[in-house]
Each structure stands twice: as C-alpha cells, then as structure tokens.
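# Geometric and topological summary
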Amino acid sequence: MSEISHKPYYLTTPIYYPSCKLTLGNSYTTVVSDVLARYHRLLGEDVFFLTGMDEHGQKIQRTAEAAGMEPQAYLDIQAEEIRALWKLLNISYDGFIRTTDEHHVQAVQTIFERLYEQGDIYESDYEGWYCTPCEAYWTESQASEGVCPDCNRALEWTKERSYFFRLSKYGPKILEYFKSHPDFLQPTSRMNELITNFLEPGLEDIAVTRSSFDWGVPVPIDPGHVVYVWIDALSNYISALGYPEAETDPAGNFKKFWPCDVHLVGKDISRFHALYWPAILMALGLELPKQIFAHGWLLMEGGVKMSKSKGNVVYAQDLCERYGVDCVRYYLMREIPFGMDGRFSDRSFLERLNADLANDLGNLLSRSTAMLSKYFSGRLPEAREPEAIDEDWKTVLSVSMADYRRAMEGLHFNQALAALWRFISRSNKYIDETMPWILAKDESKRNRLASVLANLFESLRQSAIALLPFMPDSATKILSAIGISLDSEAEIAAFAKLGTYENFETSVKIEAAQPLFPRIDIDAELASLEDENMSSEAAVSVSCKTTSTAEEATEPPVSKAEIAFEDFEKLHLCIGRVRACEKVKDADRLLKSTLELSSGREVTVVSGIAEHYSPEEMLGKQVLYLENLKPRKIRGVLSQGMLLCAEDGDGRLVLLRPESDVDNGSEVG
C-alpha cells in the first residue's frame, strides 16, 4: 500500500445567505466543492472543506420580522434546512460556519479593532445609493439611474455616519499581485474584468459599518454601529480555522491550512473575493489564498438565471428525490464546463442519464455480472488466456485515466468525466468485439472467456474508483456488485494506481446485478413533468422581485425585446372575483379558483399559490386575470387563464388586485 501524504488541503464554498430555499444553482458550487474535497482525500491529503451561512444584515432582520420571528430563531431553522440539503446531496464538509457563531463574532471584532488601530479603518460620513439585496454602496456616477449596477433593482438613498476601509490604499498592490500571479483568479477572463473595470481606474474606499439596523456584529469601539457584510462574511474563511487565537498556535488549524488552496465562488461575487478580501488580508499581514475560482451560472433554457418570478426554478431536493442523488451530481459535473455558464433543461438531464448512466455504465455492469453468473456460476476462474485485442483496450485504459487525472488537477471536471466515459464506451465495445456469448459455446475457449470477463470486471473496478469523488454511493455499489470492498486507505491505494492494469481477482461469488440506473421513457417523463409544472403558466407572470443575498442578488437584468402596442393589445386583462376556491388533489402548491367575470360568467383557473394563500383567504378577492391564455389541463383540471402575481424579496407571491372594488369583468389596459 502506498504511503499516505497527509498534505493539508483547504477549500471553501461561499457562505450562503439564508433568505429562501436554495436552488439547484446554489447547490452547484457545493457539489463541485465536495467532488474536489473527495478527490484530494483520495490523493491521501488532509482535507478541510468549509461551507456555512452568512447570517447578518438588514435583509435577514427584515425577513425574520416579516415572519414574526427573532432573527436567531429564524436562522436556526434555515441552518437545519441547509444542513439537511447538504446531507441529501452527500456533501462531506468538515466545517459548517455560521457568522452568528460566538468565535466568529469575536474574530470579526478583533479584526476590526486591528484595522482601525493601524489606520486602515476610519470614520466618515456616507451619503449615497445603497442596494439592500446586494448589500452594496454605489456612487452617483455608478448608479446614475437610481438602480443597482449589479442586480438592476431600485436603490435606497442612504445618509449615515460610517466607518470606511482604505481599499484604495491596496489597489496598486492587488494589481501588482494579479500580474505576478496570473492563476490567482480563474478563469482568466474574471481577472481581466477586474483589472479593466476596477483596478486600473482605481479602487475607492468602502463603508464597512452600518448604523441604521442592529442585526450584525457590534463594532467594539462604537456599539451604535454593526460591522458590514464584507469584513464580517469574508472573515469566515480564517475565523473557521481559529483565527486570531490560532495565529500563534503552530498546532492549530490556521497554521496548518492557511493559506486556502482554493475559494470556490460564483462569478457574481468574484469582485468581493478577489479585491476586498485580498486587501483585508494584506492589511492584516496574512498570506493571500492560493487561488480563487469564480465559476459561471447555471442557466435555464433561453439563457436566463433561475428565478421564481420567471417560473423556472429547479430545486436539487426535488431532482434527488425523483431520480437519485448521484444522477444529479453526475449531471452537474458532466454537463457544465466548470468556469463557464451551463444550461439546465429537463430533456438534457434525462438524455444524459439515459445515455451515460443507463446505457453505458449501467449496461456494462449488468451485462458483465450477468455473463459471469451465467457462464461460470458467479465465480471467475483463475486460468486466463489473453489475446492481442486486449492490448488496445489496456491502452485506452491507461490514456483515459491519465487524461482524467490531468483534468481533475485543472478543475476541468466535465473533461475528467468525458475521459472516463471514453474508457467505459471502449469497454462496452470490447464486449461486442470479443463476443463472450460465442466463446461460451466452445469449451476450448473457456480460459479465453475467463480472460474477457476478468477484463470487463477490471473495467468496472477502475471506473468505480474514478467515480468515487463524483458518485460515491453508486461507485461503492458497483464495487460491491463485483465483489470488492475498500476502506479509506485501500481506496487511496487503489486511486494511486488508477490506469494501471491489474489481473482482476475476487473471492466473492458474483450475482447478476440489478439495473443501477433504469432507463427513463423521456417523452413520457417530460409529459409528466409538464403536467406537474406549477411555474409560469400556473402561478405568476409579473414580478417585482427583490433578492436578498450577495450570492444571489447580482442577477443581471434580463434583456426583453420591445413589443409594439398592437402586441400588448393581444392580451385580454380583466378583473375577476373569486367565488370558490379549493386545493387541487395531490398537489400541495395548487389552488383551483372559480372566478366570476361580467354577466355572471365564471371561469376556472389553476394557480401555484397554495403556499402563499389558503382557499379561505382567496374567497371574495378581486384579482387581475389574463383571460385569453390558451387553456391547458393541470393535474386533470382545465385552467382557463392565469392570475397575475408579484414576488417580493422573501419569495412570497402577492396577488395583483385593484386599489378599490370595481365591476367584475372590468378590462385592464
């Protein structure tokens, strides 16, 4: 067994802002981080994988108050929900930090005091635009139209006494560091954007406290202020390692793991991690992280980000419960080139599952185990007879696994899986080339048949080991199905020899494996999903959404084509009154409302608003109704139009209604 290196390796996700249920896009970063953490553990390294929650700020305070709760009680519930999601997704984190943790609060206060005492923080007046969702200040020139340059939402004019961090002081140093460390921020395009748009024009000092709300870390020298998000949130990466107490403790985690090997973040927060965070670290006299990787977004069909208001939200929990955790993990890692924007659609998801998992990997397992069970009663003979054709298969094994390793080291996860699947496809082709069913008919070919099957089982063994970072449960099931059981040290040893051919052996009797990834009837499944879809047509068409997290709030404005007045005239909008309402059977989010229009005419509308309104609350309300939407059946109920809603910053859908009662059927236009 090879010696384990125990080299420290530290990686982080951003800490998530718990304003609403995390989407598949939010989960993507954490799945990527888990794959990377598992990969480095298989290299024998001592991994510390950190994730957590950003729990302070005005938006959290407002959200909790709107829910009738104290902020801490609200956050405790959110923390359990996020932990439950990470457990479902098989996320093997080593640390889960919350910025309300006592040690973190003390660390932030110590950091603030140190920066203040050395003159890197000073007190001054701030007057200008502020974006609550992004928790960002903007100058007049940056926000000339009164909207946030990042998220395109309305800004608030703020005037208050604040403490400022001398970010401008560190701009030249960061620019020099960028130029001398070209791999510091990846992809390179992100670094070029920051150089052009921020560093070369010159950084401005940033406000780092607020006094207009109190849900945050109190400023130790001025309790009327709370420490603003970027010092508070960004400091989690060192406070989680015990900083500042561990700064002088050679046996502590800080000395062991800092500087971080890689911060994994979304591209929308690259500026804060690659400019603000290095400046803070420079001011503290600490080393900078070795790398920051700002990946792209997970977009939906049409190239737009997930948004409840657009009705295109996909949740990892729903996909996992329907198709299995490893199917979701595989799709995210295989379909999306890391660093670039990726696109999700139900069809591409199902096609990937069928082609790669059911057809290629699943068939290789089921065919190989079935043939061994049938031809040798599940026990592989020791006598083997190799032939020349085996050498090409071995070459593909060696080359594919070498490509796999190079791709993993470069964080090119989809390329690593593509390399692995070249070998899996070659192994399936090997079955067709060697035709074991023909060999089985000739007793003199028994040793040759044993050699062919042994090679197929070696294919499965190598493939499963390579899949351990990506699909840990499925990889373990494959190994178990071929009679292999590995502890963590044995996994490390096997991973070290990945790509090196071994004569497959097992003392376990092999049974024909059940399908690990059953094929899906794609057309039938898409029809079923369409029937269950509660998104745009069943729920909302108008949004006034205000996002509440720095992680999510930087959603770019969606470019919408202009329409002529004649196009608008095609919409028949009117006012209807809800005369009856009930929940749709077996659909937790659907309400069936009966609307009275003019002359006593009634229509039925199915809406995805049951999480926001009870049937009793709906009765008697006048609502805005789109009448000439093509009717469609939803859960067996014919829906004749759409109720129009807005979505607030907490994700609540609010029915659009007239200011005062009007005649039923009154037209809107």
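Residues numbered from 1 in each chain as written. Predicted model: local features only at pLDDT ≥ 70, side-chain atom pairs only at ≥ 80, totals over all residues. Heavy atoms only, no water.

### Comments concerning the overall build of the chain
The cut-off we apply is this: Helix and strand definitions follow DSSP, with helices as H or I runs of at least four residues and strands as E runs of at least two, each counted in order from the N terminus. Exposure classes here rest on a 1.4 Å probe applied to the protein chains alone. A residue is buried below 20% of its type maximum, exposed above 50%, and partly exposed in between. Here, two residues are considered to be in contact whenever any of their heavy atoms come within 4.5 Å of each other.
The number of helices and strands found in the chain is 22 helices and 26 strands. Within the chain, buried positions represent 57% of all 669 residues. Residue pairs at least 24 apart in sequence account for 76% of intrachain contacts in the chain once pairs closer than 6 positions are excluded.

### Structural notes on the packing of helix H13 (residues 346-376) against helix H17 (residues 446-467)
Spelled out, the test is: All axes are obtained by fitting lines to C-alpha atoms, using only the stretch in contact for helices, and the reported angles, taken between N-to-C directions, cover 0 to 180 degrees. Here is the rule for handedness: rotate from the far helix to the near one, and if that takes an anticlockwise turn smaller than a right angle the crossing is left-handed, while a clockwise turn gives right-handed. Amino acids are sorted into nonpolar (Ala, Val, Leu, Ile, Met, Phe, Trp, Tyr, Cys and Pro), charged (Asp, Glu, Lys and Arg) and polar (every other residue, Gly among them).
H17 packs onto H13 with a crossing angle of 145 degrees between their chain directions and a minimal axis gap of 10 Å. H13 and H17 meet at a crossing whose hand is left-handed. Along the contact surface, H13 presents Leu361, Leu364, Leu365, Ser368, Thr369, Met371, Leu372, Tyr375 and Phe376, while H17 presents Arg446, Leu449, Ala450, Leu453, Leu456, Phe457, Ser459, Leu460 and Leu467. Taken together, the residues of the contact of H13 with H17 break down into 14 nonpolar, three polar and one charged.

### Notes on unusual backbone geometry
Cis geometry is found at the peptide bond from Gln186 to Pro187, where omega equals -10 degrees. For Pro187, the location among the structural elements is in the loop between strand S7 (185-186) and helix H6 (188-199). Residue Pro244 is bonded to the preceding Tyr243 through a cis peptide linkage, with omega at 5 degrees. Note that Pro244 resides in the loop between helix H8 (236-239) and helix H9 (253-257). Positive phi is not limited to glycine here, since Ser377 has a value of about 55 degrees. Mapped onto the fold, Ser377 is located in the loop between H13 and helix H14 (389-409). One non-glycine residue with positive phi stands out, namely Met435, at about 50 degrees. With respect to the helices and strands, Met435 occurs in the loop between helix H15 (413-434) and helix H16 (436-439).

### Some remarks on the nonpolar core
Using the following cut-off: The set of buried Ala, Val, Leu, Ile, Met, Phe, Trp, Tyr and Cys residues whose side-chain atoms join them within 4.5 Å is what this entry labels a nonpolar core.
By size, the foremost hydrophobic cluster in this structure holds 110 residues, and its most contacted members are Tyr404, Phe413 and Phe470. If you tally residues by element for this core, the top one is H17, at twelve residues. Each residue touching Tyr404, except ones within four places of it in the same chain, is listed here: Ala416, Ala419, Leu420, Ala466, Pro469, Phe470, Phe495 and Leu498. The next biggest cluster of nonpolar side chains, apart from the first, holds 62 residues, and it includes Ile111, Leu185, Val229 and Phe254.

### Quick look at the packing of aromatic side chains
Two aromatic rings, taken as a pair, are described by how far apart their centres are and by the angle between their planes. Rules: When two rings of Phe, Tyr or Trp (its six-membered ring) have centres within 6.5 Å they constitute a pair, described as stacked for plane angles under 30 degrees, edge-to-face for angles over 60, and tilted for the intermediate range.
Applying the stated criterion to the full structure yields 34 aromatic pairs. Taking 5.7 Å as the distance between ring centres and 50 degrees as the angle between the ring planes, the aromatic pair formed by Tyr93 and Phe96 counts as tilted. Residues Phe112 and Tyr163 carry aromatic rings whose centres are separated by 5.8 Å and whose planes lie at 80 degrees to one another, so their mutual orientation is edge-to-face. With Phe112 in helix H4 (residues 102-117) and Tyr163 in strand S6 (residues 156-165), this pair connects stretches of sequence that are 51 residues apart. Comparing Phe112 with Tyr163 shows no difference in burial state: the two are buried. Three or more aromatic residues joined by ring pairs make a cluster, and in this case those are Tyr10, Phe48, Tyr237, Tyr243, Phe254, Phe257, Trp258 and Trp277.

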